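Tertiary structure, described
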2 protein chains.
Amino acid sequence: MLNWDTMFASRSSRMRASEIRELLKLLDRPDIISFAGGIPDPALFPDQEFKQAYADIFDGAAVNSALQYSVSEGYKPLREWLVGQMAALDIRCELDNVFIVSGSQQGLDYLGKLFLSPDDTALVTWPTYLGALQAFNAYEPAYDQLTPNGNRTPESYRAAASAAGGKVKFAYLSTDFSNPTGETVDLDGRKKVLALAEDLDIAVIEDAAYQSLRYDGDPIPPILALEIAEKGHINDTRTIYCGSFSKTLAPGLRVGFIVANAPVIRKLVLMKQAADLHSSTINQMAISDVAERGFDAQVAKIKAAYSRRRDCMLAALEKYMPEGTSWTKPEGGMFIWITLPEGMDGAKLLAKSLETAKVAFVPGKAFFADGSGANTFRVSFSCANEQMIEDGIGRLSALISAEIGS
Amino acid sequence: MLNWDTMFASRSSRMRASEIRELLKLLDRPDIISFAGGIPDPALFPDQEFKQAYADIFDGAAVNSALQYSVSEGYKPLREWLVGQMAALDIRCELDNVFIVSGSQQGLDYLGKLFLSPDDTALVTWPTYLGALQAFNAYEPAYDQLTPNGNRTPESYRAAASAAGGKVKFAYLSTDFSNPTGETVDLDGRKKVLALAEDLDIAVIEDAAYQSLRYDGDPIPPILALEIAEKGHINDTRTIYCGSFSKTLAPGLRVGFIVANAPVIRKLVLMKQAADLHSSTINQMAISDVAERGFDAQVAKIKAAYSRRRDCMLAALEKYMPEGTSWTKPEGGMFIWITLPEGMDGAKLLAKSLETAKVAFVPGKAFFADGSGANTFRVSFSCANEQMIEDGIGRLSALISAEIGS
């Protein structure tokens, strides 16, 4: 056998199997109630609209374009539609500020590739989106803790980054109903992150994957909108806004987007040209068509369904969870984050739960760049019906009660 | 304005605009005859077959799967079909040796990412596929010249790589009807590349993007097939075979593949999970369906069309090109490579040609990792009809004659 490890680049040692992915394999076991996923409910996909969109492409004049190579920046009508969507969020931008990627996960990979040399520092929250850590890990960064409402000094970040062997390059955060906690960064927290980024002269990566899925409470302006209001023009801003169609329309087409200042977009376009030429032409056309015809109606449909499931899960947690546990109360998204008493371990609980309670969830540790958070876990309500939620949270709570008592 | 260059990673300085991409913008000018592209002729796309495939997906039981997240390794029926295709090439492999990527360009990016630390050396031919150089450049390698039929010693490669600050990591080559030259590496050359790789203990990246498009001459076994015959099992081989559906079915869906030993495939799957989760589910299903129903008939159709155009272009070159020029006689693919007299410059010729002869092509220099090759250029016959070829080569030859004479 060849010894491949000696041939691989050093970055490859940081590419490891994802616990979440391994867990997804459990979703098929019929005796398990799974809150592990965090994927959209396929019953809510606009499949008839997509069927029509693909049929129209093949019956239309642009069928050859749909099957052909296309430009790296993305399909122009889709980018134009996004300019309009952004304006509604007070993100005033033009066509050359909008870039299509193959899902927002690719956006995170490209941003890691653009900014991070080995030993540079990325600021992330504790916990943060696991997929962001996985994307950034390929570029061998150090991590430091971003606390949107905290009071770490810029100097302390600079000193830590220098000790790690590089510079702070960006602050990454999910602003609304984040994966994994379901929490939202408030207006004051957003302003503080922006001020910190100004002081450190770094980029802000604003992950808005769940932004459309607000079920109650008032919308908070995106960091990019706050910065445009302050600076006057998007091309003078440092915030890079990452969006997705995976939670609203469908993930299987792999279409997401980045909205940012033109110099960063130009560099990302060059990067994409070298990395995969462009995102699927036909899928960009289908997403564009479905979005133009009925994005708002589709979002209203999924919000109605998911908000009922969130309400149901919060009620079940309130009803069944034992004293000593706590959980977030998200205003949108797909996730609730549960904290066990100090000393308990989410991974051990999962192992036991799969045997006895037959409920799946994701232990929290993997979401922490520093390996802390053992006593936390994530549950998702997006694919569960009310009976599953009632039964699953009931059984899981009983197990946790027994564990606390033992 | 922010000074982004100070914030970007060092690798970003090697991401530059592609001459070919800039040139593609000229394709729309109606007065220009373009041999620049090198893209498939959209008139030959199996659009009715794709129309049926997408319609069947939406009418079938798997519509929800088509729109949902899927596994990083790729759609199983497509991978199974590829196992059969590979067997016909004497590449005996199993499902876990086959990995789906978003076009073979992404395969090259991932392989660069997997193997290259900064200052490691990649062996490439002079000239080589420009897209490979662009993909690898992001990982900041040095390049050294691979000469399949040459006699550089392994020791000379090791010494040069060491002087560049790293190790030789792989030999990359396009084996059949390569982009840009149209040339094919003969059996002896393939064996020598493999022997060199054995000696250097490096991987071989075999780019087979054009492999299906042979118009005459006998097929030569892929390097991976030669190595499997020698070692007994694909999991003991060092050759990584990269294939594409872009030249045979359609590029706009972004579906390509890598066939290699299981340890490398496992690492690539992890990399993809972190980089973009998976290639478009619905497009993999559509490609799988169209391939299963009529891959061979589609390939026969495009081979018939392209081989006539190649014959026509070779005849026009023979008829019109002045003494002092030479060109390759490809047995397949899309490209012919033309060498001008020493001292002439392909880029200057192009500038003049666009003004006077109104013929576009790609100057050769960009395909050389060392910046040589100024007196070469690439023409493609894939999208040109016989009249365009006759007129275009006639006009271009007249210009070259005038330039040689002046």
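These numbers were taken from a predicted model, which means no experiment stands behind them. (Residues numbered from 1 in each chain as written. Chains lettered and ligands numbered in written order. Predicted model: local features only at pLDDT ≥ 70, side-chain atom pairs only at ≥ 80, totals over all residues. Heavy atoms only, no water.)

Quick word on the packing of helix H4 (residues 76-88) of chain A against helix H11 (residues 281-320) of chain A
The description of two helices packed together rests on the angle between their axes and the distance between the axes. Residues and elements named next belong to chain A. In contact at an axis separation of 9 Å, H4 and H11 are set at 35° when each is read in the N-to-C sense. Classified by chirality, the crossing of H11 by H4 is left-handed. Note on element contacts: H11 touches H4 through Gln284, Ile287, Ser288, Ala291, Glu292 and Phe295, opposite Pro77, Leu78, Trp81 and Gln85. Of the residues assigned to the contact of H4 with H11, the class counts are 6 nonpolar, 3 polar and 1 charged. (Axes fitted to C-alpha atoms, helices over the stretch in contact; angles between N-to-C directions. Helix = DSSP H or I, 4+ residues; strand = E, 2+ residues; numbered from the N terminus. Left-handed = near helix turned anticlockwise from the far one by under 90°. Contact = heavy atoms within 4.5 Å. Nonpolar A, V, L, I, M, F, W, Y, C, P; charged D, E, K, R; others polar.)

Re the interface of chain B and chain A
Facing 82 residues of chain B, the contacting portion of chain A comprises 83 residues. Regarding the contact of chain B and chain A, the summed buried area is about 7,000 Å², with carbon and sulfur atoms giving 58% of it. Counting across the chain B and chain A interface gives 4 salt bridges. Lysine 113 of chain B is paired through a salt bridge with aspartate 109 of chain A; the nearest N and O atoms lie 3.0 Å apart. Taken together, the connections running from chain B to chain A amount to 47 residue pairs in polar contact (both at pLDDT 80 or more). At the level of elements, helix H2 (47-59), helix H3 (63-67), helix H5 (104-115), helix H6 (130-137), helix H10 (262-275) and helix H11 (281-320) of chain B are the ones that each hand at least two residues to the side of chain B that touches chain A. Counting residues per element, the side of chain B that touches chain A draws most heavily on H10 of chain B, at 8 residues. Residue classes in the side of chain B that touches chain A are distributed as 40 nonpolar, 25 polar and 17 charged. (Buried area = accessible area lost by both parts, 1.4 Å probe. Salt bridge = Lys/Arg side-chain N within 4 Å of Asp/Glu carboxyl O. Polar contact = N/O pair within 3.5 Å; in protein donor to acceptor, adjacent residues only side chain to side chain.)

Concerning the pattern of salt bridges
For the coordinates displayed, the defined rule picks out 48 salt bridges over all chains. The salt bridge involving aspartate 31 of chain A is made with arginine 29 of chain A; its shortest N-O contact spans 3.6 Å. For aspartate 31 of chain A, a relative accessible area of 36% puts it in the partly exposed group. Residues arginine 152 of chain B and aspartate 144 of chain B are paired through a salt bridge, measuring 2.8 Å at the closest nitrogen-oxygen approach. Here the salt bridges share partners, and the residues they tie into one network are Glu198, Asp201, Glu227, Lys231 and Arg238 of chain A. (Buried < 20%, exposed > 50% of the residue type's maximum accessible area, 1.4 Å probe, protein only.)

Description of the packing of aromatic side chains
Residue and element names in this part refer to chain A. All told, the structure shown has 31 aromatic pairs over all chains when counted by the stated rule. An angle of 80° between the planes, with centres 5.7 Å apart, marks the rings of tyrosine 210 and phenylalanine 335 as edge-to-face. Placement of tyrosine 210 in the loop between strand S6 (203-207) and helix H9 (223-231) and of phenylalanine 335 in strand S10 (residues 335-339) is noted, with a sequence separation of 125 residues between them. With respect to burial, tyrosine 210 and phenylalanine 335 carry one shared label: buried. Taking the centre distance of 4.3 Å and the plane angle of 40° together, the rings of phenylalanine 361 and phenylalanine 377 count as tilted. Within this pair, whereas phenylalanine 361 is found in the loop between strand S11 (359-360) and strand S12 (362-363), its partner phenylalanine 377 is found in strand S13 (residues 376-380), the two being separated by 16 residues in sequence. What makes phenylalanine 361 buried here is its relative accessible area of 0%. (Phe/Tyr/Trp six-rings, centres within 6.5 Å; stacked < 30°, edge-to-face > 60°.)

Describing the sheet that holds strand S5 (residues 168-174) of chain B
All names here are of chain B. On the basis of which strands lie adjacent, the open sheet formed by 7 strands has the order S2-S8-S7-S6-S5-S3-S4 and mixed pairing. This sheet does not close on itself; its edge strands, each paired only once, are strand S2 (98-101) and strand S4 (142-145). Averaged over all adjacent pairs, the angle separating strand axes in this sheet is 25°, with direction ignored. When S2 meets strand S8 (residues 256-259), the two strands line up antiparallel, connected through 4 bridges. (Pairing = 2+ DSSP bridges.)

A few points about the domain arrangement of chain A
Residues and elements named next belong to chain A. Looking at the assigned domains, one finds that chain A contains domain 1 (10-46 + 296-405) and domain 2 (70-294). Domain 1 and domain 2 are separated by 25 Å when their C-alpha centres are compared. With 36 residues of domain 1 in contact, the opposing surface of domain 2 contributes 34 residues. Taken together, the two surfaces of domain 1 and domain 2 that pack against each other cover about 3,100 Å², and 60% of this comes from carbon and sulfur. By the criterion of area lost to domain 2, the three top residues of domain 1 are Arg14, Glu331 and Phe367, representing 22% of everything that side buries. Our count for the contact surface shared by domain 1 and domain 2 stands at 2 salt bridges. Between aspartate 216 and arginine 310 there is a salt bridge whose closest N-O contact spans 2.7 Å. The tally of links between domain 1 and domain 2 comes to 19 residue pairs in polar contact (both at pLDDT 80 or more). (Domains from an automatic or database assignment.)

Thoughts on unusual backbone geometry
In this structure, proline 127 of chain A follows tryptophan 126 of chain A across a cis peptide bond, with omega equal to 0°. Looking at the secondary structure, you find proline 127 of chain A in the loop between strand S3 (121-124) and helix H6 (130-137). Positive phi, normally seen in glycine, also occurs at aspartate 119 of chain A, with a value near 75°. Topologically, aspartate 119 of chain A is positioned in the loop between helix H5 (104-115) and S3. Take aspartate 119 of chain A: its relative accessible area is 39%, and that puts it in the partly exposed class. Its identity as a non-glycine residue notwithstanding, glutamate 140 of chain B has a phi of 55°, on the positive side. Mapped onto the elements, glutamate 140 of chain B comes out in the loop between H6 and S4. Here glutamate 140 of chain B falls in the buried class, since its relative accessible area comes to 15%.

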